[in-house]
Amino acid sequence: MSDTATPDGSTEPHAPKTTVDRSSYASGLARWFEQRDDGRRDIEVSGVDIPMATGFSNETAFFELDWNDDDGAHHQRYVARIEPGTGPLFPPQTAATAVSVGLQYRIMATVREYGIPVPPVVDYEPGSSALGNPFFVMEFVDGVIPSDTPRYSQAGFIVDEATPEERRRMVRTGLEAMAAIHAIDWRAAGLDWLDTSTDGNPTQADQLRLYRSWVDHHLAGRPHPVIDRALDWLSANDPQDERIGLIWGDSRLGNIIWKDYSPAAVVDWEACALSPGEADLGWWLMFDRMSFDDLGAPRPEGFPTREEMVTMYEEASGREVRHPGYWEIFGAMRFCAIMIPLGDRMVAAGLMPAEASMAVENDVTAAVARLLDQFA
C-alpha cells in the first residue's frame with residue numbers, strides 16, 4: 001500500500017493501480033452513485049462514451065444517468081475524469097496535488113465560487129474499486145470543444161467556419177476568461193495547497209526548480225541539450241515578477257467549451273499553479289505560434305495577431321504584460337518537459353518503436369530551439 005494525497009491535502013492508504021476494464025464503467029458508476037446516499041434511487045447509467053482512451057493523460061468518459069427521487073424521474077448527462085495508471089504528465093506542485101483528478105476537482109470547485117465558468121463538479125472518488133483508478137464526476141456542459149488536431153490554422157478547427165467577427169470574439173472572450181482567473185486572490189481563496197515554495201512566497205524560481213527536477217527524473221541520464229539550454233536561460237533571465245497568482249496552466253482555445261464563440265466552460269486544470277499571469281499568456285501565445293508561424297500557415301481573417309492578443313489581455317486584466325517573449329519560452333519549455341514522459345509512454349505502449357527518440361526529438365523541442373534563437 002502507498003500513500004496518496006487526497007483533495008484536501010491529507011494522505012490515505014491507496015491500493016496499487018489495477019488493470020482497467022472499461023466495459024465495467026457503467027456498472028461501476030451506477031454503484032458509485034448508489035453509494036452516495038443523496039436521495040437518488042433506481043439509478044441507471046448508459047451511453048458510456050470514451051472518445052480517446054490512451055491513458056497518457058486523464059481519461060474522459062461521457063455518460064447518461066437516469067434516476068428517481070422524491071421529485072420524480074430525472075435524466076442528465078455527466079462526465080467522469082479518470083486518473084491515468086501511468087501518473088501525471090505535468091509535475092505535481094505539492095504533495096496535495098499528486099493525484100491529478102483530485103487536484104482538478106478541488107480547483108474547479110474553488111474557481112467556480114469566483115465566477116469562473118467551469119462545469120459543476122459532483123464529487124471526487126479517491127479509491128479504485130469503481131473505475132480502477134481515482135476519478136471525479138462533473139456535469140456535462142453543452143458546446144463545441146476544438147480538437148488539438150488540426151491546429152487553429154487547419155480546416156476543421158472551429159475557427160475555420162466562423163466569420164471574422166466570431167473569430168475575434170472567440171479569442172477576446174477566451175483571454176477575458178483567463179484574466180478573470182488571474183484576478184483571484186490565491187491567499188484569500190485558500191490556495192496555499194498549490195504553493196511549491198518553502199516559505200509561503202512562491203516565485204518563478206520555484207517553478208524552474210520544479211521543472212528541472214521533473215526533467216532530470218524523466219530523462220534518467222539521457223542528454224537533452226535544448227531543454228537544458230532553455231532552463232539555463234530562463235533561470236538567468238528570470239524577470240522576478242512579484243505579481244503571483246493562480247494560473248490555469250494549460251491555457252488554450254482547445255481547453256474551452258465554446259457556445260456562440262464565447263466560453264461556456266474552462267476545462268483541463270491539471271497544470272494549474274501559482275505564477276505570474278504571463279505564464280498562462282505565454283502558453284497561449286506558444287500554441288498560437290505553433291499553429292501559424294511554425295506551420296507557415298496564414299492567419300484567418302479576423303483572427304488576432306499575438307500583439308493584438310497581448311493588448312486584449314492587458315485590457316481585460318488591467319495590468320501591463322511584461323516580457324512576453326520570456327513567458328513564451330517558459331511555456332515551450334513546459335511543453336517540452338511533458339513530452340519526455342509522454343514519448344516514453346508511447347514507446348512502452350507499443351505506439352512507437354523502441355528505438356524512437358520522441359521523448360527528446362520532436363516538434364516541440366524544435367519549437368523551443370527556434371524560440372531561443374529568436375529571443376535569447
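As a reminder, the structure under discussion sits directly above these lines.
Residues numbered from 1 in each chain as written. Predicted model: local features only at pLDDT ≥ 70, side-chain atom pairs only at ≥ 80, totals over all residues. Heavy atoms only, no water.

## Concerning the packing of aromatic side chains
In the structure shown here, the tally under the stated rule is 18 aromatic pairs. Arranged with centres 5.6 Å apart and planes meeting at 50 degrees, the rings of F33 and Y78 form a pair that is tilted. Of the two residues, F33 sits in helix α1 (residues 25-34) while Y78 sits in strand β5 (residues 72-82), which places them 45 residues apart along the sequence. For F33, a relative accessible area of 1% puts it in the buried group. When its relative accessible area of 2% is taken as the criterion, Y78 is described as buried. Ring geometry for W327 and F330: centres 5.7 Å apart, planes at 85 degrees, overall edge-to-face. Note that W327 and F330 are positioned in helix α8 (residues 324-348) at a spacing of three residues, about one turn of the helix. Its relative accessible area of 2% is what places F330 among the buried residues. Within the aromatic cluster, the residues linked to one another by ring pairs are W32, F33, F63, Y78 and F135. Positioned over the ring face of W32 is R36, at 5.5 Å from the centre of the ring. In this structure, R77 packs its charged tip against the face of F140, placed 3.9 Å from the ring centre. (Phe/Tyr/Trp six-rings, centres within 6.5 Å; stacked < 30°, edge-to-face > 60°. Helix = DSSP H or I, 4+ residues; strand = E, 2+ residues; numbered from the N terminus. Buried < 20%, exposed > 50% of the residue type's maximum accessible area, 1.4 Å probe, protein only. Lys NZ or Arg CZ within 6 Å of the ring centre and 35° of its normal.)

## Topic: the sheet that holds strand β7 (residues 135-139)
With antiparallel pairing, the five strands of this open sheet are ordered in space as β3-β4-β5-β7-β6. Either end of the sheet is taken by a strand with one partner, and the two such strands are β3 (41-49) and β6 (121-125). This sheet shows a mean twist of 25 degrees between the axes of neighbouring strands, independent of strand direction. The sheet contact formed by β5 and β7 spans five bridges and is antiparallel. The residue bridging V79 from the neighbouring strand is M138, located in β7. Sheet strands in contact with α1 are β3, β4 (59-69), β5, β6 and β7, and its direction is about 145 degrees off that of β3. Along the sheet, helix α2 (residues 100-112) contacts β5, β6 and β7; its crossing angle with β6, the most-contacted strand, is approximately 150 degrees. (Pairing = 2+ DSSP bridges. Axes fitted to C-alpha atoms, helices over the stretch in contact; angles between N-to-C directions. Contact = heavy atoms within 4.5 Å.)

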